[in-house]
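# Commentary on secondary and tertiary structure
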Amino acid sequence: MHQRWLVLSILIWLIGCTVAAPVPPPPTIPRLPTVTPEPLLKVTPTSRIIRLAENPIPTFTPTPRPTAVLSTAGVITAAMAQLGLSAEPYAVLGDPNAPITIVEFTDFGCSFCRRHHQFTFRQLVDEFVERGQVFYVVKQFPVTSPQGELAALAAICAGEQGTYWAMHNALFAAGDVWDSDASTAHRQIMTIAADLGLDRAELQACIERPSTQDVIARHVSEAHALHIFGTPVFFVNNQLLSGAQPIERWRELLQFIAEAE
């Protein structure tokens, strides 16, 4: 009897320890940055963005017809102002008063940005920009490649010499060089500059200028304010479209927006 009582007492004591022992909380795992655009929800009173669904294209309140602001700093359309974007002096194509503004956040070292440029961009220009339906703007967001920022600086500095788009095309054509070391990337930029007839000394001075580097920092800050963390990302008036989409998707979207205006 005494032994059974002793065993029972020990069991009660063990159960009490088990119940009373605090259970440690699960460890907090920090969220790592990603080059994939973060998912965005439907617009709220504190948000300026509506994310495009995959299928079908959602209805939305159309953006008022843009009235562009032109200044020595560049162009700001109504859609750009609505998104809180700064003026762009060089990386623009088309009529600023077009009913639709497309703003692309891009990285010259991003393979999906390159795919967009090679297979879709030219068709967008031919079918929509040159017909006065779209005003196209590029913002530099070098987040995916080691030398993407150097390439972006070269594009901006080529713009100062009046050849932004020629440099833009050549930087994308250079392919994987922006994943190499800085010396290789710099030699490629200077080769492109010579081919385009640019003043290479002036280009180099511009690349090293803090004010040019501030332009990149401003573009990156604007992307983060819009919750953009990857490339390519596009704003079509007040709509967000991510990834390298086929031209058929663009035609469908732009037709939908044009009919809603």
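Note that the structure is a prediction, hence the values are computed from the model and not measured. Each chain carries its own residue numbering, running from 1 in the written order of its sequence. For this predicted model, a pLDDT threshold of at least 70 governs which residues receive local features, and a threshold of 80 or more governs which side-chain atom pairs are given and counted, while totals over whole chains, interfaces and linings are taken from all residues. Side-chain metrics in this entry use all non-hydrogen atoms of the structure; hydrogen atoms and water are not considered.

### Some words on the state of the cysteines
Put simply, the rule is: In this description, the term disulfide denotes a pair of cysteine sulfurs within 2.5 Å. A run of H or I in DSSP becomes a helix once it reaches four residues, and a run of E becomes a strand once it reaches two; helices and strands are each numbered from the N terminus. Each residue's exposure class comes from its accessible area (1.4 Å probe, protein chains only) as a fraction of the maximum for that residue type: buried when under 20%, exposed when over 50%, partly exposed otherwise.
Applying the stated criterion to the full structure yields one disulfide. With a sulfur-sulfur separation of 2.1 Å, C157 is cross-linked through a disulfide to C206. Across the S-S bond of C157 and C206 the torsion is about -85 degrees, and the bridge reads as left-handed. Pair noted here: C157 is in helix α4 (residues 148–160) and C206 is in helix α7 (residues 200–208), with a separation of 49 residues, a long-range link. We classify C157 as buried; its relative accessible area is 1%.

### Observations regarding the nonpolar core
Heads up, the condition is: What we call a nonpolar core is a set of buried Ala, Val, Leu, Ile, Met, Phe, Trp, Tyr and Cys residues that are connected through their side-chain atoms within 4.5 Å. Contacts: residue pairs with any heavy atoms within 4.5 Å of one another.
Within the largest apolar cluster, 49 residues are counted, with the highest numbers of intra-cluster contacts made by I102, Y136, L171, I189, W250 and L254. The element that contributes the greatest number of residues to this core is α4, accounting for nine residues. In contact with L254, other than residues within four places in its own chain, are I100, I102, L124, F128, V134 and V236. Judged by nonpolar contacts, the second largest core, of 18 residues, contains L83, F105, L226 and L240.

### A closer look at α7
Quick reminder of the rule: When we speak of the arc, we mean the arc of directions from the helix axis to the C-beta atoms. Residues adjacent in sequence count toward polar contacts only when both atoms are side-chain atoms; beyond that, a polar contact is any pair of N or O atoms within 3.5 Å, and within protein one must be able to donate a hydrogen and the other to accept it.
Buried within α7 are the following residues: L203, Q204, C206 and I207. Within α7, the buried residues cover an arc of 160 degrees as seen down the axis, which keeps them to one side. α7 presents A201 and E208 as exposed residues on the side facing more than 90 degrees away from its buried surface. The secondary structure elements touched by the buried residues of α7 are α4, α5 (164–173), α6 (182–195) and α8 (210–225). Sitting at the amino-terminal end of α7 is D199, which places a side-chain oxygen 3.1 Å from the backbone nitrogen of A201.

### A short note on unusual backbone geometry
A cis geometry characterises the amide bond from T231 onward to P232, with omega recorded as -10 degrees. With respect to the secondary-structure elements, P232 resides in the loop between α8 and β7 (233–236). For H227, which is not a glycine, the phi torsion comes out positive at approximately 65 degrees. Summarising the element assignment, H227 is placed in the loop between α8 and β7. Here H227 falls in the partly exposed class, since its relative accessible area comes to 41%. One non-glycine residue, N237, lies in positive phi territory at about 55 degrees. With respect to the secondary-structure elements, N237 resides in the loop between β7 and β8 (239–242). You can call N237 buried: its relative accessible area is 1%.

### Section: the pairing of strand β6 (residues 134–140)
Rules: Two strands qualify as a pair provided DSSP detects at least 2 bridges between them. Orient the strands so they point away from the viewer; a crossover is then right-handed if the path from the first strand over the helix to the second runs clockwise.
Most of β6 is tucked away: seven of the seven residues are buried. Residue alternation in β6 divides its side chains into two sets, V134, Y136, V138 and Q140 and F135, V137 and K139, and both sets are buried. Where strand β5 (residues 100–106) lies against β6, seven bridges are found, and the strand directions are parallel. Bridged to T106 within β6 is Q140. The handedness of the β5 to β6 crossover, carried by helix α3 (residues 111–129), is right-handed.

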